Amino acid sequence: MDEVLQAQIIVTVVGRSQGITEDISLFVIVQSDHKETVQMLLARDNIDIDTRDRGNLGTLQLVARGGYEAIIWLLRARNDINIDAKDEDDQTSLLLAVKGRHEVIVQLLVERDDVDANTFDCEGRSGMSWAAQEAVVRLLLARDGIDTSVKDSKWC
């Protein structure tokens, strides 16, 4: 039995035992940070790249929040992923990477032209507002179009 099938069986059994019925194979496997397994899974036609959990957290957001650098390389190059999708707290992958101080992931995301670097979360805070680490601030400032005059606008 191949590694991907084994992982999917484990995910299905564990998920069903916890009352989860949706297909969460990719979502769970990316958390292993095992690049080869994720590559094999992404090569399949029946994988929903934008799978979401109950908090509306997507696969890319999970990877950005967790700092899974090996996996972000695979996902960020895909055109079929919603790069600016928001979770229930209006957090995008970029905001989660900034908040987690995952410099490599922030760098890889801001290199994409379609990333909104000026988005706000439900607290009204932007990536610049969350960037508490000097290196992350430098990455955001290096992106064309970043608005340094943006102020926090509201709280949840």
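Keep in mind that what you see is a predicted model, and the values were worked out from it rather than measured.

Participant: Please set out the confidence of the model for the protein residue by residue, giving values where relevant.
Facilitator: Chain-level pLDDT for the protein is 78 on average; 78% of the residues reach the 70-or-more range. When the elements of the protein are averaged for pLDDT, helix H1 (residues 3-17) gives the smallest value, 51, and helix H6 (residues 93-99) the largest, 94.

Participant: An account of the packing of aromatic side chains is requested, with residue identities and associated values reported.
Facilitator: Per the counting criterion, the structure on display carries zero aromatic pairs. One Lys or Arg, Lys 99, reaches over the ring of Trp 130 and ends 4.2 Å from the middle of that ring. One cation-aromatic arrangement involves Arg 125 over Trp 130; the distance from NZ or CZ to the ring centre is 3.6 Å.

Participant: Outline the side chain of Gln 61, listing residues and values.
Facilitator: If you trace the backbone, Gln 61 turns up in helix H4 (residues 59-66). Residue Gln 61 is classed as buried on the basis of its relative accessible area, which comes to 2%.

Participant: Describe the pattern of salt bridges, listing the residues and the values that go with them.
Facilitator: Pairing of side chains with opposite charge becomes possible as their charged atoms draw close. As enumerated under the stated definition, the model contains three salt bridges in all. We note a salt bridge from Arg 112 to Asp 114, for which the minimum N-O separation is 2.7 Å. Given a relative accessible area of 11%, Arg 112 falls into the buried group.

Participant: Would you mind going over the packing of helix H5 (residues 69-76) against helix H7 (residues 103-110) in detail, with residue names and values included?
Facilitator: Between H5 and H7, the least distance of the axes is 10 Å, while the angle of their chain directions is 10 degrees. In terms of orientation, H5 and H7 fall into the roughly parallel class. Mapping the contact onto sequence places Glu 69, Ile 72, Trp 73 and Arg 76 in H5 and Val 104, Ile 105, Leu 108 and Leu 109 in H7. Split into classes, the residues belonging to the contact of H5 with H7 amount to six nonpolar, no polar and two charged.

What counts and how
Residues numbered from 1 in each chain as written. Predicted model: local features only at pLDDT ≥ 70, side-chain atom pairs only at ≥ 80, totals over all residues. Heavy atoms only, no water. pLDDT = per-residue confidence, 0-100. Helix = DSSP H or I, 4+ residues; strand = E, 2+ residues; numbered from the N terminus. Phe/Tyr/Trp six-rings, centres within 6.5 Å; stacked < 30°, edge-to-face > 60°. Lys NZ or Arg CZ within 6 Å of the ring centre and 35° of its normal. Buried < 20%, exposed > 50% of the residue type's maximum accessible area, 1.4 Å probe, protein only. Salt bridge = Lys/Arg side-chain N within 4 Å of Asp/Glu carboxyl O. Axes fitted to C-alpha atoms, helices over the stretch in contact; angles between N-to-C directions. Parallel < 35°, antiparallel > 145°, perpendicular 65-115°, else oblique. Contact = heavy atoms within 4.5 Å. Nonpolar A, V, L, I, M, F, W, Y, C, P; charged D, E, K, R; others polar.

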